[in-house]
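# Residue-level structural notes
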Amino acid sequence: MTELLARFAPGLHEWLTLCAVLYAIGLYGLLTRRNAIAILMAVEIMLNAAALNAVVFNRFVTPNEIDGHIMAIFVIVMAAAEIVVGMAIVVSLYRLRASVDVNQMNSMKG
Amino acid sequence: MISDATYTVMFYGLSATVILLALLAVNARQLLRAALGLMGMLALSAGLYVMLRAEFLAGVQILVYVGGIVVLIVFAIMLTRSSELLEDHPAKLTRILGATFSIMFMLIACYALGTTKFTESESTQAVRDEVRDIGLALLDRGANGYLLPFEAISLLLLVAVIGGTVVARKTPPKHQPFTTGGDLRGETVAHPPLVQDDEHVVESKS
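## A word on the overall build of chain B
The number of helices and strands found in chain B is seven helices and zero strands. Taken from N to C terminus, the helices and strands of chain B fall in the order α-α-α-α-α-α-α. Within the span of chain B, comprising 206 residues, buried residues form 19% of the whole. Long-range contacts, defined here as pairs at least 24 residues apart, represent 47% of the contacts in chain B between residues at least 6 apart.

## Some words on the overall build of chain A
Across its full length, chain A carries four helices and zero strands. Taken from the N to the C terminus, the helices and strands of chain A come in the order α-α-α-α. Classification of the 110 residues of chain A by burial places 56% in the buried group. Pairs at least 24 residues apart make up 47% of the contacts formed inside chain A by residues separated by at least 6 positions.

## Things to note about the packing of helix H4 (residues 67-97) of chain A against helix H3 (residues 55-79) of chain B
Axis separation between H4(A) and H3(B) bottoms out at 10 Å; the angle between their running directions is 10°. The angle between H4(A) and H3(B) places the two elements in the roughly parallel class. Listed contacts from H3(B) to His69(A), Ala72(A), Ile73(A), Ile76(A), Ala79(A), Ala80(A), Ile83(A), Val84(A), Met87(A), Val90(A) and Val91(A) of H4(A) are Leu57(B), Val60(B), Gln61(B), Val64(B), Gly68(B), Ile69(B), Leu72(B), Ala76(B) and Leu79(B). Residues belonging to the contact of H4(A) with H3(B) are distributed by class as follows: 17 nonpolar, three polar and no charged.

## Details of the interface of chain A and chain B
In this complex, chain A contributes 69 residues to the contact, which on the side of chain B involves 86 residues. Those elements that place two or more of their residues in the side of chain A that touches chain B are helix H1 (2-7), helix H2 (12-32), helix H3 (36-60) and H4 of chain A. In the side of chain A that touches chain B, the residues fall into 49 nonpolar, 13 polar and seven charged.

## Quick notes on unusual backbone geometry
With phi around 60°, Arg53(B) is a residue other than glycine that occupies positive phi space. Taking the C-beta count within 10 Å as the criterion, Arg53(B) has 17 such neighbours and is therefore assigned partly exposed.

## Structural notes on the confidence of the model for chain B
A low pLDDT score tells you not to read the predicted coordinates there in detail. Residue and element names in this part refer to chain B. With 77% of its residues at a pLDDT of 70 or more, chain B shows a mean pLDDT of 81. For chain B, the element scoring lowest by mean pLDDT is helix H7 (residues 183-186), at 49; helix H2 (residues 31-51) scores highest, at 93. Segment residues 186-191 is flagged for pLDDT under 50; beyond a separation of four residues in sequence, or across chains, it makes six contacts in the model. Predicted confidence is poor over residues 195-206, with pLDDT under 50, and the contacts of this stretch with residues over four places away or in other chains come to 15 contacts.

## Remarks on the nonpolar core
Counting residues in each nonpolar core, the largest one holds 76 residues, and the members touching the most others are Cys19(A), Leu22(A), Ile37(A), Met41(A) and Val55(A). Mapped by element, the contributors of at least two residues to this core are H2, H3 and H4 of chain A together with helix H1 (4-27), H2, H3 and helix H6 (147-168) of chain B. With 16 residues, the top contributor of residues to this core is H3(A). Two domains share this core, each providing at least three of its residues, namely domain 1 (1-89) and domain 2 (128-189) of chain B. Leave out the neighbours within four places in its chain, and Met41(A) touches Gly29(A), Ala25(B), Ala34(B), Ala35(B), Leu38(B) and Ile73(B).

## Re the environment of Met106(B)
With respect to the helices and strands, Met106(B) occurs in helix H4 (residues 92-114). With 66 residues separating them in the primary sequence, Met106(B) and Gly40(B) have C-alpha atoms 23 Å apart. Setting aside chain neighbours within four positions, we find Met106(B) in contact with Ala20(A), Val21(A) and Ala24(A).

## Points about H3(B)
Residues and elements named next belong to chain B. Taking 1.5 Å as the rise per residue, H3 with 25 residues should run 36 Å; its terminal C-alpha atoms sit 34 Å apart, in good agreement. At Tyr-65, H3 shows its maximal bend, which comes to roughly 25°. For H3, every residue scored as buried is listed here: Leu-57, Ala-58, Val-60, Gln-61, Tyr-65, Ile-69, Val-70, Ile-73, Ala-76 and Ile-77.

## Quick word on the environment of Leu30(A)
Within the secondary structure, Leu30(A) is located in helix H2. Setting aside residues no more than four positions away along its own chain, Leu30(A) makes contact with Ile39(A), Ala42(A) and Val43(A).

Procedures and definitions
Residues numbered from 1 in each chain as written. Chains lettered and ligands numbered in written order. Predicted model: local features only at pLDDT ≥ 70, side-chain atom pairs only at ≥ 80, totals over all residues. Helix = DSSP H or I, 4+ residues; strand = E, 2+ residues; numbered from the N terminus. Buried ≥ 20, exposed ≤ 12 C-beta atoms within 10 Å, placed from the backbone. Contact = placed C-beta atoms within 7 Å. Axes fitted to C-alpha atoms, helices over the stretch in contact; angles between N-to-C directions. Parallel < 35°, antiparallel > 145°, perpendicular 65-115°, else oblique. Nonpolar A, V, L, I, M, F, W, Y, C, P; charged D, E, K, R; others polar. pLDDT = per-residue confidence, 0-100. Core = buried A, V, L, I, M, F, W, Y, C linked by C-beta atoms within 7 Å. Domains from an automatic or database assignment. Expected span 1.5 Å × (residues − 1). Bend = angle between axes of the 7 residues up to and from the residue.

Right, here's the structure in full:
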């Protein structure tokens, strides 16, 4: 049993497949959700998958370097900045129009 | 170091849980439940980072995502009263189109993965001081350093803080050149009545 499990130890392809699946789930949420906050959550899932991807490549392709980790840190910081501005926009849009449904947001000027 | 068998079990267990929680985050009708799914998914991703020998990133992930972003999302859900108004199910056509699109993306990505040969290499360092390496790389002025991106991203954070404050500010002070008006413009907007029953979910205007 242990040998069998050890034979299926995840390699680069398994990790990258996991990232692709996560990214696809985020894409599905991005395309189907209508609440602006839910869309931002889907974007977070996609960004997380991308950061994971960078770390996976760092681990398996260039294990002596650190560049993938730096890239992941930048992605995380960018996600934080994006969510701050996104939430500010959503909250002020809600004040202005009393709705966060993206289907009703069709003008640039309130 | 953990054995290969444990590694396999951990990988597939964590992956299945992460995928299920991500599905909950994009499918749950109640947004607070979706935020909970997102939180679990991001926290378990930290476990995946540990498995990839990125312990510092796992800590950053917990601190920034779970401690900051999810809390911000929950606040926004409550501020916009999205938790009271149930998110209605997306139209069937939208769901089918979205699922088709994302599954096609996944299949194409997996096909590209399967047909690509990566040059993998093993680590030559027995023990790795990850935090020290990251710190040195971030402050390195050389050709492989990240000092300029580091400064740029700190500027980005500053801009995000100022921008978020200005955009979401309730009442603008006098002589404030950059403002969206805040509540002063929205005073005429009547808030919708609180909906209690399931009949009055946000109706679609499409």
